[in-house]
Amino acid sequence: TPQILSISQGLSSSEGEVSSRLILCWFFSFSHQTPKGSCLEAVKIAIDAGYRHIDGAFVYFNEHEVGQAIREKIAEGKIKREDIFYCGKLWNTCHPPELVRPTLEKTLKILQLDYVDLYIIELPMAFKPGDALYPKDENGKFIYHETDLCATWEALEACKDAGLAKSIGVSNFNRRQLEMIMNKPGLKYKPVSNQVECHPYFTQPKLLEFCRQHDIVIVGYSPLGTSRDESWVNVSSPPLLKDPVLNAIGKKYNKTAAQIALRFNIQRGVVVIPKSFNPQRIRENFQIFDFSLTEKEMKEIEALNKNVRYVELLM
Ligand code: A2P
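None of these values were measured; they are calculated from a predicted model.

(A) Representation of the overall build of the protein chain. When its secondary structure is counted, the protein chain shows twelve helices and eight strands. In the protein chain, once contacts between residues fewer than 6 apart in sequence are set aside, the share between residues at least 24 apart is 76%.

Spelled out as structure tokens, the structure:
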């Protein structure tokens, strides 16, 4: 069984027994460049706080620090390698099938690990292969590359067979793209997960239902509504954590709006990957296993859906 499937089972199990299993599926996410060393510290703090699932990527430019943090915590005796669930990502410039395995091997070398627990196609579109991670033409337009997603997927299947990735999945795929993979003749492994934007203002009801039916775990990125960095975030959508409903429900449980937003998603079976570099908030985001939302509160939060993305991925 792909390892991540146990996550979905853990998430849908009844209250009370979730805690130990949920810790296994807790993600920690990084994106964008980070000051040197800050990621190393944040991951170590996260592991001490109980996080076990680390969401990374080559394009976050801090995989070496993540790997170092994991290795230091193993050396300390705090964790074993098998306690950690590391997710790596195949970037857009590496979709041609012959590039997939060397790209994953490069990530493993940076991490100094023997395998990743999950390797996912970061985005369904391909860019021109080469050193430029965001290749652009003279008009500033992205240079795309014609590849066959099904062939890319077959190369991921081969990485799993070679033991370089325990499980394989996708990210930012819509239903049509998922179906394309799942209906591929000779499919060996279907995607175990699809990482997409998901939070109370963008609840993904249709994709969530489709993925539930097909046993694909939704991993929700930007579960706190992003950092609102205008260089990549659509800030015309209001700040999630200021939402009156989330704050009112938080008051009742003596929790923050952030904790309510995270609890909402895990309670509906969506894995969350909150991102923080602040020790206090890293710990705060983990304190969500000691209460549960009522059905009425879940409905109230679901009704906040605006169907507007913060991360528009205009590429
Ligand atoms: P910081 O790193 O200073 O904690 P998302 O996970 O949706 O991308 O959101 C990440 C943003 O939310 C970051 O700017 C992060 O800043 C901030 N953040 C993380 N945890 C919390 C929290 N518990 N309360 C408020 N803001 C938070």
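(B) Seen up close, the site of the ligand. Neighbouring the ligand are 16 residues; Leu224, Ser276, Phe277, Arg281 and Asn285 lie closest to it. At 3.5 Å from an oxygen atom of the ligand is found a main-chain nitrogen or oxygen belonging to serine 222. Relative to its free-state accessible area of 570 Å², the ligand is covered by the protein chains to the extent of 79%.

(C) The arrangement of the pairing of strand β6 (residues 193-197) in detail. With five of five residues buried, β6 lies mostly within the body of the structure. Sheet topology note: the strand β5 (residues 165-171)/β6 ladder contains two bridges and is parallel. In the strand pairing of β6, serine 171 is matched with glutamine 195. A crossover connection joins β5 to the parallel β6 through helix α7 (residues 175-182); in handedness this β-α-β unit is right-handed. Note that β6 and strand β7 (residues 217-221) share five bridges and pair parallel. Bridge assignment links serine 193 to a residue of β7, and that residue is valine 217. In this region the chain leaves β6, passes through helix α8 (residues 205-213) and returns to the parallel neighbour β7; the handedness of that crossover is right-handed.

(D) Representation of the packing of helix α3 (residues 38-49) against helix α4 (residues 63-76) within the structure. Running from N to C, α3 and α4 cross one another at 40°; their axes reach a closest spacing of 8 Å. Taken together, the axis directions place α3 and α4 in an arrangement best described as oblique. Taken as a pair, α3 and α4 cross one another with a handedness that is right-handed. For the pair α3 and α4, contact is made by Ser38, Cys39, Leu40, Val43, Lys44, Ile47 and Asp48 and by Glu65, Val66, Gln68, Ala69, Ile70, Glu72 and Lys73, respectively. Considering only residue class, the contact of α3 with α4 consists of seven nonpolar, two polar and five charged.

(E) Quick look at α8. Those residues of α8 that fall on the buried side of the exposure criterion are Leu207, Leu208, Phe210 and Cys211. Looking straight down α8, one finds its buried side chains confined to an arc of 165°; they lie on one side. The exposed residues of α8 that point more than 90 degrees off its buried face are Lys206 and Gln213. Taken together, the buried residues of α8 touch α7, β6 and β7. Remark: aspartate 215 follows α8 within two positions and exhibits a positive phi of approximately 60°.

(F) Main features of the pattern of salt bridges. With the rule as written, the count across this model stands at 14 salt bridges. Glutamate 179 is the salt-bridge partner of arginine 175, the closest N and O atoms lying 3.1 Å from each other. Here the residue arginine 175 and the residue glutamate 179 both occupy positions in helix α7, the gap between them amounting to four residues, near one helical turn. The class for arginine 175 is partly exposed, based on a relative accessible area of 47%. What you see here is one network of salt bridges that share partners, running through Glu41, Lys44 and Glu72.

(G) Geometry of the environment of glutamate 154. Take glutamate 154: it is sitting in helix α6 (residues 149-161). By relative accessible area, which is 41% here, glutamate 154 ends up partly exposed. It is 7.9 Å that separates the C-alpha atoms of glutamate 154 and leucine 187, two residues lying 33 residues apart in sequence.

About the criteria used
Residues numbered from 1 in each chain as written. Predicted model: local features only at pLDDT ≥ 70, side-chain atom pairs only at ≥ 80, totals over all residues. Heavy atoms only, no water. Helix = DSSP H or I, 4+ residues; strand = E, 2+ residues; numbered from the N terminus. Contact = heavy atoms within 4.5 Å. Near = heavy atom within 4 Å. Polar contact = N/O pair within 3.5 Å; in protein donor to acceptor, adjacent residues only side chain to side chain. Areas by Shrake-Rupley, 256 points an atom, 1.4 Å probe, with all protein chains shown as cover. Buried < 20%, exposed > 50% of the residue type's maximum accessible area, 1.4 Å probe, protein only. Pairing = 2+ DSSP bridges. Right-handed = clockwise from strand over helix to strand, strands pointing away. Axes fitted to C-alpha atoms, helices over the stretch in contact; angles between N-to-C directions. Parallel < 35°, antiparallel > 145°, perpendicular 65-115°, else oblique. Left-handed = near helix turned anticlockwise from the far one by under 90°. Nonpolar A, V, L, I, M, F, W, Y, C, P; charged D, E, K, R; others polar. Arc of directions from axis to C-beta. Salt bridge = Lys/Arg side-chain N within 4 Å of Asp/Glu carboxyl O.

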